[in-house]
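Read off the chains here:
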Amino acid sequence: MARDPKHDILFEPIQIGPKTMRNRFYQIPHCNGFGSEKPFSQAFFRAVKAEGGYAAVSTEYCSISPESDDTHRMSARLWDDDDIKNLSLMCDMLHEHDCLSAAELWYGGPHAPCMETRCVARGPSQIPSDFEYLTYAIEADKDDIRYLQRLYVEAAKRARTAGFDIVYVYGSHSYLPQQFLTPFYNKRTDEYGGSFENRARFWRETIEQVKEAVGDDCAIAVRMSTDMFLGEAGTQLERDCLPFVELVDELVDVWDINLSGIAEWGEDATPSRFYEQGRALPWQAAVKAISKKPVLGVGRWTDPNAMVDAINEGKLDIIATCRPSTSDPFLPKKIEEGRLDDIRECIGCNVCISRWEIGGPPLICTQNATAGEEYRRGWHPEKFTTARNADNDVLVVGAGPAGMECAMVLGKRGMRRVHLVDAADDMGGTMRWIPQLPGLGEWARLVNYRKIQIDKLKNVEFLASMKLSATDVAAYGAEIVVVATGSYWATDGLNGASHDVIPGADASLAWQATPDQIMGEGKQLDGERVLVFDNDGYFMGVSISEMLALEGKKVTLMTPMGNVAPYMHFTLEAPNMHRRLHSLGVEIVTYYLPSRFEPGAVVATHVYDEHGHERTWDVDGVVLVSQRRSNEALFRSLKDDIGLDTLKAEGVDALYRIGDCEAPRLLADAVFSGHRLAREIDSPDPSVPLPFRRERRVVDAGTVASERAWHEAVVAGTAS
Amino acid sequence: MKTVVCVKQVRTLGDEVQFTDGGMDVDPDYVDLALNEWDSYAMEEALRLREAHGGEVLVLTCGGKESEAALRRCLAMGADRAARVERAEDHDAIQVAHALAGVVREEGADLVLCGVQSSDSVQAATGTALAELLGLPRVAVVTRLEVGQGTARVHRELEGGLADVVDVDMPAVLTIQTGINKPRYANLRAIKQAEQVEIAVSQATDAPSASRVRRMFVPDRGESAEMLGTDPAEVAGRIAEIVKERTA
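As the structure is a prediction and not an experimental result, all values here were calculated from the model.

## As for helix α6 (residues 237–248) of chain A
Residues and elements named next belong to chain A.
Argument step 1. Every buried residue belonging to α6 is among Leu 237, Asp 240, Cys 241, Leu 242, Phe 244, Val 245 and Val 248, and all of these are buried. Taken end-on, α6 shows its buried residues confined to a sector of 165 degrees, consistent with a single buried face. Pointing more than 90 degrees away from the buried face of α6 are the exposed residues Glu 238 and Glu 246.
Argument step 2. Packing partners of the buried residues in α6 comprise α4 (176–181), α5 (196–214), β10 (219–225), β11 (254–258) and α7 (281–290).

## Focus on the confidence of the model for chain B
Argument step 1. On average, chain B scores 93 in pLDDT, and the residues at 70 or more come to 99%.
Argument step 2. Interface confidence in the predicted complex, given as ipTM, is 0.88; pTM for the same model is 0.94.

## Topic: the state of the cysteines
Residue and element names in this part refer to chain A.
Argument step 1. Following the criterion strictly, the structure yields 0 disulfides over all chains and no others.
Argument step 2. Cys 218 carries a free sulfur, and the closest cysteine sulfur to it, the one in Cys 91, is 9.4 Å from it.
Argument step 3. With relative accessibility at 1%, the residue Cys 218 sits in the buried group.

## Points about the pattern of salt bridges
Think of it this way: side chains of opposite charge can pair up when their charged atoms draw near.
Argument step 1. Throughout the structure, instances matching the rule amount to 89 salt bridges over all chains.
Argument step 2. A salt bridge links A:Glu336 to A:Arg3, with the nearest nitrogen and oxygen atoms 3.6 Å apart. Taken together, the residues span a long stretch of sequence, with A:Glu336 in helix α10 (residues 331–336) and A:Arg3 in the segment before β1 (14–16) at a distance of 333 residues.
Argument step 3. Owing to a relative accessible area of 34%, A:Glu336 belongs among the partly exposed residues under this scheme.
Argument step 4. Between B:Glu86 and B:Arg84 there is a salt bridge, and its shortest N-O distance comes to 2.5 Å.
Argument step 5. One connected set of salt bridges, linked through shared partners, spans A:Asp393, A:Arg416, A:Arg417, A:Glu479, B:Lys192 and B:Glu195.

## Description of a nonpolar patch on the surface
Residue and element names in this part refer to chain A.
Argument step 1. Residues Tyr 591, Val 607 and Tyr 608 make up a contiguous nonpolar surface patch of about 310 Å² in total accessible area.
Argument step 2. Looking at the secondary structure, you find Tyr 591 in the loop between β22 (587–590) and β23 (592–598).
Argument step 3. Exposure remark for Tyr 591: the relative accessible area of 32% places this residue in the partly exposed category.

## Some points on unusual backbone geometry
Argument step 1. With an omega dihedral of 25 degrees, the bond running from A:Thr71 to A:His72 counts as a cis peptide bond.
Argument step 2. Position of A:His72 among the secondary structure elements: in the loop between β4 (56–63) and β5 (76–77).
Argument step 3. Omega for the peptide link from B:Met170 to B:Pro171 comes to 0 degrees, which places this bond in the cis form.
Argument step 4. Looking at where B:Pro171 falls in the secondary structure, it is placed in the loop between β9 (163–169) and β10 (172–176).
Argument step 5. In this model, A:Arg118 sits at a positive phi of 60 degrees, which is unusual for a non-glycine residue.
Argument step 6. Along the chain, A:Arg118 turns up in the loop between β6 (100–106) and β7 (122–123).

## Quick word on the sheet that holds strand β24 (residues 601–606) of chain A
Residue and element names in this part refer to chain A.
Argument step 1. If you walk across this open sheet you meet the 3 strands as β23-β24-β25, and the pairing is antiparallel. Each edge of the open sheet is held by one strand with a lone partner, namely β23 and β25 (614–618). Taking the axes of each pair of neighbouring strands and ignoring which way they run, one obtains an average angle of 30 degrees across the sheet.
Argument step 2. As paired elements, β24 and β25 share 5 bridges and run antiparallel to each other. In the sheet register, Val 602 faces β25, and the bridge partner there is Trp 617.

## Comments concerning the interface of chain B and chain A
Argument step 1. Counting from both sides, the interface comprises 13 residues of chain B and, opposite them, 22 residues of chain A.
Argument step 2. Its largest share of buried area at the contact with chain A, chain B owes to B:Tyr185, B:Leu188 and B:Arg189, together 47% of the area lost on that side.
Argument step 3. The interface formed by chain B and chain A contains 6 salt bridges.
Argument step 4. Of the charged contacts, one joins A:Lys458 and B:Asp32 as a salt bridge, the two residues approaching to 3.1 Å between their closest N and O atoms.
Argument step 5. In this assembly, chain B and chain A are joined by 10 residue pairs in polar contact (both at pLDDT 80 or more).
Argument step 6. The leading source of residues in the side of chain B that touches chain A is helix α5 (residues 188–196) of chain B, at 5 residues.

## Some thoughts on the packing of helix α3 (residues 142–162) of chain A against α5(A)
Two numbers describe a pair of packed helices, the interaxial angle and the distance between the axes.
Residue and element names in this part refer to chain A.
Argument step 1. Where α3 meets α5, the closest approach of the two axes is 9 Å, and the angle between their N-to-C directions is 35 degrees. Once α3 is placed against α5, the crossing between them reads as right-handed. Contacts from Ile 145, Arg 146, Leu 148, Gln 149, Tyr 152, Val 153, Ala 156, Lys 157 and Arg 160 of α3 reach α5 at Phe 202, Glu 205, Thr 206, Gln 209, Val 210, Ala 213 and Val 214.
Argument step 2. Here the residues of the contact of α3 with α5 sort into 9 nonpolar, 3 polar and 4 charged.

## Let's talk about the nonpolar core
All names here are of chain A.
Argument step 1. Ranked by internal contacts, the top residues of the largest apolar core, which has 118 residues, are Tyr 26, Phe 244 and Trp 255.
Argument step 2. Considering every element that reaches this core, the biggest residue donor is α3, with 9 residues.
Argument step 3. Counting residues in each nonpolar core, the second largest holds 78 residues, with Ala 399, Leu 410, Val 532 and Leu 667 among its members.

## A short note on the side chain of A:Asn258
Residue and element names in this part refer to chain A.
Argument step 1. Locating Asn 258 in the fold gives a position in strand β11.
Argument step 2. Within the structure, Asn 258 has its side chain in polar contact with the side chain of Ser 172 (distance 2.7 Å).
Argument step 3. In terms of polar contacts, Asn 258 uses its side chain to reach the side chain of His 173, at 3.4 Å.
Argument step 4. Not counting residues within four places of it along the chain, the set of residues in contact with Asn 258 comprises Ser 172, His 173, Arg 223, Met 224, Ser 225, Thr 226, Asp 227 and Asp 268.

## Topic: the packing of aromatic side chains
Residue and element names in this part refer to chain A.
Argument step 1. In the structure shown here, the tally under the stated rule is 26 aromatic pairs over all chains.
Argument step 2. Look at Tyr 567 and Phe 570: their rings are 5.3 Å apart centre to centre, the planes differ by 75 degrees, and that puts the pair in the edge-to-face class. Taken together, the positions of Tyr 567 and Phe 570, both in helix α17 (residues 567–570) and 3 residues apart, correspond to about one turn of that helix.
Argument step 3. Assessed through its relative accessible area of 24%, Phe 570 is described here as partly exposed.
Argument step 4. Through a chain of ring-to-ring contacts, the aromatic side chains of Tyr 61, Trp 106, Phe 131, Tyr 170, Tyr 175, Trp 265 and Trp 356 assemble into a single cluster.
Argument step 5. Of note, Arg 73 hangs over the ring of Trp 356, and the distance from its end group to the ring centre comes to 5.3 Å.
Argument step 6. Of note, Arg 279 hangs over the ring of Tyr 275, and the distance from its end group to the ring centre comes to 4.0 Å.

## Observations concerning the sheet that holds strand β28 (residues 654–657) of chain A
Residues and elements named next belong to chain A.
Argument step 1. Read from one edge of the open sheet, 5 strands run β16-β15-β14-β17-β28, paired in parallel fashion. The sheet terminates laterally at β16 (460–463) and β28, the two strands that pair on one side only. Across this sheet, the average inter-strand angle for adjacent strands is 15 degrees, counted without regard to direction.
Argument step 2. As paired strands, strand β14 (residues 393–397) and strand β17 (residues 480–483) are joined by 4 bridges and run parallel to one another. Residue pairing for β17: Val 396 is matched across the bridge by Val 482.
Argument step 3. Along the sheet face, helix α12 (residues 401–412) touches β14, β15 (417–421), β16 and β17 and points at about 165 degrees away from the line of β15.

Basis of the calculations
Along each chain, residues carry numbers from 1 onward, in the same order as the chain's sequence is written. Whichever chain is written first is A, and whichever ligand is written first is 1; the rest continue in order. Per-residue local features are limited, in this predicted model, to residues with pLDDT of at least 70; the limit for side-chain atom pairs, both in listing and counting, is 80 or more; totals at the level of whole chains, interfaces and linings are taken over all residues. The side-chain figures draw on all heavy atoms in the structure; neither hydrogens nor water molecules are used. Working definition: with a 1.4 Å probe on protein chains only, accessible area under 20% of the residue-type maximum means buried, over 50% means exposed, and in between means partly exposed. Where helices and strands are cited, they refer to DSSP runs of H or I of at least four residues and of E of at least two residues respectively, numbered from the N terminus. Arc definition: it is the arc formed by the directions from the helix axis to the C-beta atoms. The criterion used for residue contact is that any of the two residues' heavy atoms lie within 4.5 Å. What pLDDT reports is the predictor's confidence in each residue, on a scale of 0 through 100. When the sulfur atoms of two cysteines come within 2.5 Å, that pair is taken as a disulfide. For this analysis, a salt bridge means a side-chain nitrogen from Lys or Arg found within 4 Å of a carboxyl oxygen belonging to Asp or Glu. Patch membership is restricted to residues that have no salt bridge and whose relative accessible area is over 30%. Joining uses 9 Å for like charges and 5 Å for the nonpolar side chains Val, Leu, Ile, Met, Phe, Trp and Tyr. Throughout, the Shrake-Rupley method with a 1.4 Å probe supplies accessible areas, and for residues the shown protein chains are the sole cover considered. In this analysis, strands are considered paired if DSSP registers two or more bridges between them. Structural elements are reduced to axes, namely lines fitted to C-alpha atoms, with helices fitted over the stretch in contact, and the angle between N-to-C directions of any two is expressed from 0 to 180 degrees. Note on definitions: buried area is the accessible-area loss of two parts on being combined, 1.4 Å probe, summed for both. By the criterion applied in these results, polar contacts are pairs of N or O atoms within 3.5 Å in which, for protein atoms, one can donate a hydrogen and the other can accept it, and in which residues neighboring in sequence qualify only through two side-chain atoms. Here is the rule for handedness: rotate from the far helix to the near one, and if that takes an anticlockwise turn smaller than a right angle the crossing is left-handed, while a clockwise turn gives right-handed. Amino acid classes used here: Ala, Val, Leu, Ile, Met, Phe, Trp, Tyr, Cys and Pro are nonpolar; Asp, Glu, Lys and Arg are charged; the rest, including Gly, are polar. Side-chain atoms within 4.5 Å are what join buried Ala, Val, Leu, Ile, Met, Phe, Trp, Tyr and Cys residues into a set we call a nonpolar core. Working definition: rings of Phe, Tyr and Trp (its six-membered ring) pair if their centres are within 6.5 Å, and the pair is stacked with planes under 30 degrees apart, edge-to-face with planes over 60 apart, and tilted otherwise. Put simply, a charge is over a ring when the Lys NZ or the Arg CZ is close to the ring centre, within 6 Å, and near the line of the ring normal, within 35 degrees.

Spelled out as structure tokens, the structure:
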């Protein structure tokens with residue numbers, strides 16, 4: 001199909017300094033867990049976006065010095081010639097697709113814990129990080145400031161050598177240049193602190209020096225947060241940012257405008273729970289109004305009409321995406337080809353970000369199971385090989401996230417016939433009701449994308465309202481059976497804190513309920529006072545609490561954990577979730593584990609009370625969000641009651657299970673599980689994942705000799 | 001109890017459509033084939049009659065070799081036999097009715113079930129024409145069917161939400177409305193078995209056509225669409241206004 005002419009402007013080239021972007025799609029700097037240490041994963045991950053139509057793709061934050069080491073979190077690094085080599089692969093692969101490459105030069109100041117390098121960062125003032133524990137910076141004197149600026153210049157030159165077209169002097173997210181600009185971080189009284197001119201001095205000088213060094217060859221990008229939401233102390237649009245734009249606009253080739261500091265950067269990488277697409281547009285438009293240079297900005301853009309509006313209304317020049325480019329690296333190409341219903345829209349769950357926040361692991365994506373697997377598993381988001389056993393028919397039982405994904409990918413791999421069946425009258429499994437929880441409407445995109453794809457696949461058929469017994473499955477006529485029957489919330493209070501049930505917990509009673517019962521079956525609890533017991537620690541307990549509070553209940557949220565919904569710290573949802581629960585009057589009780597439920601009361605003890613003193617909460621109802629259990633009855637019956645031999649005699653050659661039916665997990669991991677099985681359905685043993693390519697140093701005779709010689713020389717003090 | 005179910009392999013369209021050179025038909029590249037939705041309900045109704053009263057279900061179509069996919073889908077659902085009247089070239093509903101009538105006369109049937117209409121032509125003509133050619137009573141748009149001794153009590157849908165209940169002597173031709181039942185799925189085993197069934201093929205005799213295609217085109221888009229914005233409260237308010245305006 002052809003592109004809709006109303007989207008033409010998205011495909012107009014634009015000049016940024018000495019470089020030309022071939023269209024308006026820009027992958028904003030964002031982390032992926034690969035850095036410079038996993039150069040192939042890094043390069044292949046970014047290159048897929050270039051192949052998908054992005055005209056410029058950036059690294060994540062890219063450290064300019066061992067003093068700016070974010071370990072345990074993974075940044076890129078441009079410290080030395082070997083880093084140049086490793087990142088140049090990314091540049092080369094982007095250039096193969098006529099895509100510009102950007103390096104986001106980063107120095108963390110007091111936010112860099114330097115756990116690997118054991119260096120100490122320098123910063124404007126000596127106040128410990130509001131993001132990292134126990135991390136202080138050296139308060140930079142004038143020599144330190146000259147030194148820091150040299151670090152930027154040297155790193156910019158290394159970036160140019162590596163092949164980067166765009167070099168950032170990155171301030172947003174409370175990093176060094178913006179620390180100098182912001183009174184919250186900058187308490188100096190010399191010419192680098194105090195007045196706007198003084199606070200702007202470090203950043204201005206650094207941009208000047210980087211421009212001087214590489215500006216003829218590379219575009220200079222400046223990423224600035226235009227509101228930290230810290231009141232007078234934080235960066236402010238009118239007071240700081242617009243004057244700064246006027247001050248350095250001549251030096252800058254492209255502005256990258258966003259919001260937030262680092263401690264609450266969910267105000268920038270906005271969860272869909274709290275913010276819609278284009279949240280930062282007013283701030284971006286304010287910069288655009290006074291700058292003569294192109295302005296780019298994020299907004300979790302997935303809707304081409306909204307992108308066009310942002311450009312036509314003069315609010316942005318370039319559409320920058322982070323999460324939508326991971327969810328669908330082919331977003332630009334699909335818009336260009338008019339295939340809008342093939343776009344795999346980001347759901348804004350931020351599980352990608354959670355991996356960076358956890359520190360270390362590669363990113364994952366709920367919508368795109370191939371994200372991060374481009375190199376190590378060789379998975380392409382849009383290319384599927386015909387399975388070697390494509391002459392088989394497959395029955396997938398259960399049309400939740402794992403089952404839908406598996407059936408879809410099996411269809412794309414050309415299996416003869418795929419029947420996806422579900423006992424319910426539509427696809428989605430628990431994802432039919434999870435998006436009905438407060439704020440989670442966009443999560444329905446997970447189901448919608450797959451429904452549309454499955455509908456298009458001629459070899460995949462969805463069979464609704466079909467509850468199959470094990471005997472039905474055995475006689476169904478499929479050579480391959482995949483059980484994807486999901487999981488359910490425990491009805492007896494079984495939980496990972498006590499590793500036991502809770503006496504009195506029984507969701508068959510009228511005054512107790514699980515999320516499945518409330519959301520899936522419409523069970524209602526009588527009375528005003530409800531206690532939600534949460535030992536899950538992610539979105540379910542708080543979402544149910546919020547929903548019941550919105551219904552007018554007086555809600556107590558109790559958890560044996562030290563925080564409610566601790567995983568939401570990693571998804572950046574925690575601060576606003578806490579605010580919301582607080583504003584709704586939800587009573588938060590942490591470190592308490594119920595010892596028993598009684599009609600009208602929950603009796604609980606503090607988890608660190610050695611004497612087990614009991615406290616009683618008078619309540620009318622209880623919601624059990626204690627843990628999930630696999631719905632494995634069908635799988636067990638097939639394997640244990642009927643048996644694999646009998647199944648074989650019936651023509652069922654293979655039986656697998658995927659997703660929560662194996663073990664409950666994140667939505668992203670359930671989707672991955674279905675995808676993985678379908679990708680490897682023709683491997684020697686599809687029940688076991690194939691090994692993936694690991695980027696690690698491998699010891700061989702040559703390296704052993706050279707490394708031992710090097711070490712001996714260092715120990716002996718004779719190393720050169 | 002012998003029931004003949006007449007079905008059609010319809011052409012379904014995606015988002016985009018192109019016509020063949022000359023504009024007389026839809027370009028086959030833009031077309032998928034499927035069992036007509038109404039016919040799947042007729043097929044299910046026939047299977048339920050067999051389950052209740054015994055007997056046989058014959059599924060019948062008129063068309064080229066490709067239309068056998070619709071027959072095989074019905075065989076997988078549970079039809080006992082399938083027959084196709086070969087008619088590759090263009091044909092209209094009347095010619096199809098002539099072709100089907102020949103087989104029904106030979107076979108004999110207590111009931112002949114058709115869908116109300118096909119989703120591609122939407123003429124609702126074949127069933128009625130077939131009844132005329134066979135000299136049988138016909139009831140159209142059937143939403144409920146109870147078979148007795150030599151007669152059937154039939155609920156037929158009228159406009160304005162009304163239903164008419166009539167007793168009709170059998171044999172008769174009924175055109176079946178969607179929603180009368182819930183068509184069963186065929187499992188993979190049944191689909192595979194249906195692939196092995198031999199389909200009886202006969203040739204259509206010449207019959208006059210009653211209509212011809214002069215041109216196919218996409219209707220002009222009107223200018224009267226009103227977009228209602230994105231704010232749910234605003235949209236709901238406007239809908240309420242429109243309903244009031246138009247029902248005043």
